[in-house]
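Spelled out, the chains give:
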Amino acid sequence: DRLVGYKLSPFLSQKIHKGLSGGRVQSVAVRIIVDREEQIRKFVKEEYWSIDAEFLPKSSRKSFPASFYGDKKGKIEIKNESQANDILAFLENSKYEISNLKKGKRKKSSAPPFITSTLQQEASRKLGFQAKRTMRAAQDLYEGIDIKNMGAVGLITYMRTDSLRVSEEAIAGAREYILGKWGKKYLPESPRRFKTKSGAQDGHEAVRPTMPDMTPEKVKENLSNDQYKVYKLIWERFTASQMANCIQSTTQADIMAFSEKEKSSEINYIFKASGYTVDFDGFTVLYTEGKDTEQEKAKALPELEEKM
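Let us look at the structure shown here. These figures come from a predicted structure and were not determined experimentally.

### Examining the packing of aromatic side chains
Working step 1: Counting across every chain of the model gives 10 aromatic pairs.
Working step 2: Taking the centre distance of 5.3 Å and the plane angle of 65° together, the rings of Phe55 and Tyr96 count as edge-to-face. Remark: Tyr96 occurs in strand 4 (residues 94-108) and Phe55 occurs in strand 1 (residues 52-55); sequence separation between them is 41 residues.
Working step 3: Taking relative accessible area as the criterion, Tyr96 reaches 32% and is therefore assigned partly exposed.

### Remarks on the layout of surface pockets
Working step 1: In this structure, the second largest pocket encloses a volume near 250 Å³.
Working step 2: The wall of the second largest pocket is formed by 16 residues, among which Trp49, Lys75, Ile76, Glu77 and Ile78 lie closest to the centre.
Working step 3: It is strand 2 (residues 64-71) that provides the largest number of residues to the lining of the second largest pocket, a total of three residues.

### A look at the packing of helix 6 (residues 168-182) against helix 8 (residues 225-240)
Each packed pair of helices is defined by two parameters, the angle between the axes and the distance between the axes.
Working step 1: In contact at an axis separation of 9 Å, helix 6 and helix 8 are set at 85° when each is read in the N-to-C sense. Classified by the angle their axes make, helix 6 and helix 8 are roughly perpendicular. Residues Ala170, Ala174, Tyr177, Ile178 and Trp182 of helix 6 pack against Trp235, Phe238 and Thr239 of helix 8.
Working step 2: For the contact of helix 6 with helix 8, the residue count by class is seven nonpolar, one polar and no charged.

### Describing the side chain of Arg175
Working step 1: The residue Arg175 is located in helix 6 in this model.
Working step 2: Buried Arg175, no salt bridge; nearest opposite-charge side chain is Glu168, N-O distance 8.4 Å.
Working step 3: Looking at Arg175, its side chain comes within polar contact range of the main-chain oxygen of Glu189, at 3.5 Å.
Working step 4: In contact with Arg175, other than residues within four places in its own chain, are Leu187, Pro188, Glu189, Ser190, Pro191 and Gln242.

### Section: the pattern of salt bridges
Working step 1: As enumerated under the stated definition, the model contains 12 salt bridges in all.
Working step 2: With a closest N to O distance of 2.4 Å, Lys105 and Asp279 form a salt bridge. Remark: Asp279 occurs in strand 8 (residues 269-280) and Lys105 occurs in strand 4; sequence separation between them is 174 residues.
Working step 3: Looking at Asp279, the relative accessible area reads 40%, which means it is partly exposed.
Working step 4: Across the salt bridge formed by Glu122 and Lys126, the nearest N and O atoms sit 3.9 Å from each other. With Glu122 and Lys126 both in helix 4 (residues 116-127) and four residues apart, the pair spans about one turn of that helix.
Working step 5: Since its relative accessible area comes to 0%, Glu122 is described here as buried.
Working step 6: Given a relative accessible area of 36%, Lys126 falls into the partly exposed group.
Working step 7: Residues participating in the shared-partner salt-bridge network are Glu122, Arg125 and Lys126.

About the thresholds
Residues numbered from 1 in each chain as written. Predicted model: local features only at pLDDT ≥ 70, side-chain atom pairs only at ≥ 80, totals over all residues. Heavy atoms only, no water. Phe/Tyr/Trp six-rings, centres within 6.5 Å; stacked < 30°, edge-to-face > 60°. Helix = DSSP H or I, 4+ residues; strand = E, 2+ residues; numbered from the N terminus. Buried < 20%, exposed > 50% of the residue type's maximum accessible area, 1.4 Å probe, protein only. 1 Å grid on protein atoms, 1.4 Å probe; cavity = no way out; pocket = protein on both sides within 12 Å on 5 of 7 lines; lining within 4 Å. Points joined across faces, edges and corners; volume = space filled by probe spheres on them. Axes fitted to C-alpha atoms, helices over the stretch in contact; angles between N-to-C directions. Parallel < 35°, antiparallel > 145°, perpendicular 65-115°, else oblique. Contact = heavy atoms within 4.5 Å. Nonpolar A, V, L, I, M, F, W, Y, C, P; charged D, E, K, R; others polar. Lys, Arg positive; Asp, Glu negative; His and termini not counted. Salt bridge = Lys/Arg side-chain N within 4 Å of Asp/Glu carboxyl O. Polar contact = N/O pair within 3.5 Å; in protein donor to acceptor, adjacent residues only side chain to side chain.

Treat this as a map of the structure, not an account of what it does.
Next up, the structure:
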């Protein structure tokens, strides 16, 4: 707005017509569209091919997927069909062996409670809601819902916020609920606090339930379908943000394809596979982000050993 919008109107007024305004907001939007169009026109198409395989270890009935990586020298980009066919011809007459195996552990932390933008994004991913639909339901939840035996109750905090700040009272309420519902192992030793980005408005807390123990099921009968779905999303995200990490065992395997005649041949291609198993579900017992369920599709690998 300041870089473009402030400067455009004076320029138009001086050069084209006195008093002519470009519109501070409109001119910025046009600038973004023009810049993006220039990027599209400058883009040079490049052909690329990929090769995926399914491997079945001799000692297992469970197969696993792997993707072509390259050779001993490094990654190979397959740029055309002819190159892909040459590699496939070699692979069809090859033997395969696990040349490198790495195992490890990783901790996966819960996402922070919602701000306005992340609420809209997650509702789009998980519920298929447009921003307007999400905010309409959130507005209702904020302004108050008639709850049986309670009267009108505001179920969530203000839904237009950039802040990740959460009151100590709300954190304590969430931890108390987690302890009672899932037990001590699902509760971190100390409360989780999330840092708000610099420059963000901090006038309101993150989007959270006003009463952490007011579960979606308790109020479902009093809510419309949209209100229930949005409240459930907000409640689960907030509660999960105060829960223990998910612990996973990871496996990364390099599978080498080599000639049946000579294993030491210079032509040895490599496939890579990765997977994980969950040792402790932690916060995922309640909630996972939409992008986790869509993008993180690594499967558990069967028991593997080098040279098998």
